[in-house]
Amino acid sequence: MSLTLYQVDAFTDRPFTGNPAAVVLLQKPAEDGWMQQVAAEMNLSETAFLLPQTDGFNLRWFTPAVEVELCGHATLASAHVLWETGHLLPEDEARFFTLSGLLLCRRRGDWIEMDFPSEAPGPSEAPAGMLAALGLEAAVYVGRNRFDYLVEVESEEDLSKLRPDPRALAASVPGTRGVIVTARSHGTYDFVSRFFAPAAGIDEDPVTGSAHCALGPYWGARLGREAMLAYQASSRGGVVQVRLAGPRVILGGQAVTVLRGTLTAVS
């Protein structure tokens, strides 16, 4: 038996930019250990595993090192694959059952909108060593939610100059997925960000949808806005539409399939 595997660049409309995710379409439940091995073999920030159910799809996400509870770009990639391959009709809603509950995706022209939980950060002390590991002497704001720390810096220039020490950063935030660093933008975008998760096997994630579950409510309150356009300023870069909807955050993105292959080492 073999399985079809796709590689999709998410939060972009151009190949070889945005955040690449692998998507595996399962035919039956798979062992956790095998899924983790596949994710390590793919060596992308996330590999998604989709299993059809009567009313949607079970969706799980794995980094090369661990399973995670919430991932935006691999959800976007999964929905894109289902529509592109005809598993869903263009007007159908993608329904994903995940460790973060039911997630819904809908097509809006060339964009895909994802209905995610809001994960607003609350103020927090900076853990010992975290700012130094990021290469910062001070921060405008430090907060955290159940997944990550959020750090605001003074400017986009400060953000672009960051060269974190991955080992020191992982050691400074034990038990935490990663660190979001953000700044206000004064150009096309409302805010910009970068995301570092060395403890999860990702020194820097190219574009992190789930980080915008924190960034959306944070910047929405700061800017007095419900709808925003964001840019994740990694070397690959990616654009995220953000709209606040009470306890939910609607994230919009585009996606491009760059590879389709056959996975022969099947559990």
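Residues numbered from 1 in each chain as written. Predicted model: local features only at pLDDT ≥ 70, side-chain atom pairs only at ≥ 80, totals over all residues. Heavy atoms only, no water.

### Section: the side chain of T98
Next, step 1: By secondary structure assignment, the location of T98 is in strand β6 (residues 94-98).
Next, step 2: Judged by its relative accessible area of 15%, T98 falls in the buried class.
Next, step 3: Within the local environment of T98, its side chain forms a polar contact with the backbone nitrogen of S100, the two atoms lying 2.9 Å apart.
Next, step 4: Separated by 2.8 Å, the side chain of T98 and the backbone oxygen of G101 make a polar contact.
Next, step 5: If near-sequence neighbours (up to four positions away) are discounted, T98 is found in contact with L59, W61 and L103. (Helix = DSSP H or I, 4+ residues; strand = E, 2+ residues; numbered from the N terminus. Buried < 20%, exposed > 50% of the residue type's maximum accessible area, 1.4 Å probe, protein only. Polar contact = N/O pair within 3.5 Å; in protein donor to acceptor, adjacent residues only side chain to side chain. Contact = heavy atoms within 4.5 Å.)

### Here's the deal with the pattern of salt bridges
Next, step 1: For the structure shown, the criterion picks out 15 salt bridges.
Next, step 2: Across the pair D9 and R236 runs a salt bridge, and its minimum N-O distance is 3.2 Å. Taken together, the residues D9 in strand β1 (residues 3-10) and R236 in the loop between β15 (227-232) and β16 (238-245) connect sequence positions 227 residues apart.
Next, step 3: A relative accessible area of 1% places D9 in the buried class. (Salt bridge = Lys/Arg side-chain N within 4 Å of Asp/Glu carboxyl O.)

### A closer look at the pairing of strand β4 (residues 56-62)
Next, step 1: Counting buried residues in β4 gives five out of seven residues, a clear majority hidden from the surface.
Next, step 2: Two elements, strand β3 (residues 46-53) and β4, share seven bridges in a ladder whose sense is antiparallel. Across the sheet, T47 pairs through a bridge with F62, a residue of β4.
Next, step 3: Here β3 hands over to β4 after two residues, the two strands then running antiparallel side by side.
Next, step 4: Two strands pair when backbone bridges link them, and β4 and β6 are joined in this way by two bridges, in the parallel orientation. Within β6, the residue paired with N58 across the bridge is F97.
Next, step 5: Strand direction decides the pairing type here: β4 and strand β5 (residues 67-68), joined by two bridges, are antiparallel. Across the sheet, W61 pairs through a bridge with V68, a residue of β5.
Next, step 6: Where β4 folds back on β5, the antiparallel hairpin that results is connected by four residues. (Pairing = 2+ DSSP bridges.)

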